[in-house]
Amino acid sequence: MSKDVVDAAKVAVHPQATGTPADAGDAGYSKDLKSRHVNMIAIGGAIGTGLLLGAGGRLHTAGPALALAYLVCGVFAFFVVRALGELVLYRPSSGSFVSYAREFLGEKGAYVAGWMYFLNWSTTGIADITAIALYTHYWSMFTPIPQWVLALIALAVVLAVNLISVKIFGEMEFWFAIVKVATIVGFMAIGIFLLATQHKVGAHAPGLSVISDHGGLFPHGMMPAVLVMQGVIFAYAALELVGVAAGETAEPQKVVPRAVNSIMWRVGLFYVGSVVLLALLLPGSVYSAAQSPFVTVLSSIGVPAAGDVMNLVVLTAAMSSLNSGLYSTGRILRSMAMAGSAPKFTARMNRSQVPYGGILLTCGVCVLGVVLNYLVPEQAFEIVLEIASLGIISTWVIIMLCHMVFVRRAKQGLVTRPNFRLKGSPVTEIVTIAFLLVCLGMMWNDPEVGRKTLLLIPVIAVALVAGWFGVRRRVARNADQELGELTK
């Protein structure tokens, strides 16, 4: 049966009119995520190790212009989440963008979206458990424990939390986000106090003179500030979790717009505000990739145990990321399995209405990360981090493509757009996609890791094509069954 016939039947009997789930993968979930959970998941997605740890190296490279890089990338990240938010209000789904890709781009689009997202989070999970092990080794009492053992313990703890219930996941993510927000707010309060009192930070008096006396806004020229964007954009990865979480909240119409709209001011306050403060307190040359910029400042004013506190915070951020990765891939893989493009066991749910099959598959890949930590503990983190970037860029591009098709169908009268909308379609989507592809292309400027990662794209493409030929008959069979149910 042709895809056109299936699509025509879906339009004729659309779930908006019938009130039935458009994605079989949406059935069976509890609605235990509250407004505070979704709001904090949005914050947790917006604040991670990219700011808490990675901003130090980027400040050293780009100088104060890093604040502009975070602002520009934040605007495009907001466009992506706003587009996803509109799709969520049109039809909440735990399958999120994979479910929307199935509706607007067809099964091939959903297949690519789902497996690229799985690639993103499974490799990010490896990076997370590696980071957790490294951060734990910071304290001497854990130094004798092998890195791979610490990685395995972290994976086991987060797996257990995810399998119990979605409510426990929401609570864990809520408190992880509280820790991150409290840390940044506390640092910003200290930074503002130092500026207001002109208290010396190390050998420097804080203020605009720190910027003007050390090369200005672009101390190393414009190009480093442009090139750093390819790393900055990945700091915003996980914002799309709002769309996945919406499928398990009782009132998505109220919760999602509030969470999405708040992302913009949070980006402005936490990312841009923090980087501006860091630039006003110390010259960019003082910061380094080896240390959290917050630790650099706090250590310079003699705050005791600054390193211990921030190490605990970045450890929390890594645990939060791993927690979110298992949660989201479990839901995405279930949506795919119900359509036939993922293994059948990933559709299974336990008594707590948790899709444990997909979570266990992601965990299985993360176990390979434990092996990687055993074999090459020094290189484990860098090996997987850049690969994850391919997954997040493709996910965001697919979200924007889905939104473009959605708006086009709305103009044709086939679907109804909610009042909560992304403005400026299709220009906004096209510009955002172009920006994301440029960021991906800029990875070529990093010959050590980035260039090798880009060379993996043909390999991934071949694997996706081979995989599609392996599942296409099952996908077609499931589509025929769905068509039969729609036309009964």
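Residues numbered from 1 in each chain as written. Predicted model: local features only at pLDDT ≥ 70, side-chain atom pairs only at ≥ 80, totals over all residues. Heavy atoms only, no water.

A. Structural context of the overall build of the protein chain. On a plain count of helices and strands, the protein chain comes out with 22 helices and 0 strands. Looking at the protein chain as a whole, 58% of its 488 residues are labelled buried. Long-range pairs, those at least 24 residues apart, make up 80% of the contacts in the protein chain with a sequence separation of at least 6. (Helix = DSSP H or I, 4+ residues; strand = E, 2+ residues; numbered from the N terminus. Buried < 20%, exposed > 50% of the residue type's maximum accessible area, 1.4 Å probe, protein only. Contact = heavy atoms within 4.5 Å.)

B. View of the packing of helix α16 (residues 293-300) against helix α17 (residues 306-339). Relative orientation of the contacting elements α16 and α17 amounts to 160°, with a least axis distance of 9 Å. By the angle between their directions, the pair α16 and α17 is classed as roughly antiparallel. The two elements α16 and α17 meet at a crossing, and its hand is right-handed. Contacts between α16 and α17 involve Phe294, Val295, Leu298 and Ser299 on the former and, on the latter, Ala306, Gly307 and Met310. Tallied by class, residues from the contact of α16 with α17 come to 5 nonpolar, 2 polar and no charged. (Axes fitted to C-alpha atoms, helices over the stretch in contact; angles between N-to-C directions. Parallel < 35°, antiparallel > 145°, perpendicular 65-115°, else oblique. Left-handed = near helix turned anticlockwise from the far one by under 90°. Nonpolar A, V, L, I, M, F, W, Y, C, P; charged D, E, K, R; others polar.)

C. Seen up close, the confidence of the model for the protein chain. Considering every residue of the protein chain, the mean pLDDT works out to 81; 88% of them sit at 70 or more. Note that pLDDT drops below 50 for residues 1-21; the model gives that stretch 26 contacts with residues more than four away or on any other chain. (pLDDT = per-residue confidence, 0-100.)

D. Representation of a nonpolar patch on the surface in the model. Together, Trp148, Leu152, Val367, Val371, Tyr374 and Leu375 make up an exposed nonpolar region whose accessible area comes to about 560 Å². Listing elements by their share of the nonpolar patch, those giving two or more residues are α9 (147-164) and α18 (356-375). As for its position among the elements, Val371 is in helix α18. Look at Val371 and you get partly exposed, because its relative accessible area is 41%. (Patch = residues over 30% accessible without salt bridge, like charges linked within 9 Å, V, L, I, M, F, W, Y side chains within 5 Å. Areas by Shrake-Rupley, 256 points an atom, 1.4 Å probe, with all protein chains shown as cover. Salt bridge = Lys/Arg side-chain N within 4 Å of Asp/Glu carboxyl O.)

E. Representation of the nonpolar core within the structure. Membership of the largest hydrophobic core comes to 152 residues, with the highest contact counts inside it found for Leu66, Tyr70, Tyr236 and Trp396. When residues in this core are grouped by element, the largest group, 16 residues, is from helix α6 (residues 66-90). Trp396 has contacts with Ala77, Val80, Ile233, Tyr236, Ala237, Glu240 and Leu436, leaving out every residue within four places of it along the chain. (Core = buried A, V, L, I, M, F, W, Y, C linked by side-chain atoms within 4.5 Å.)

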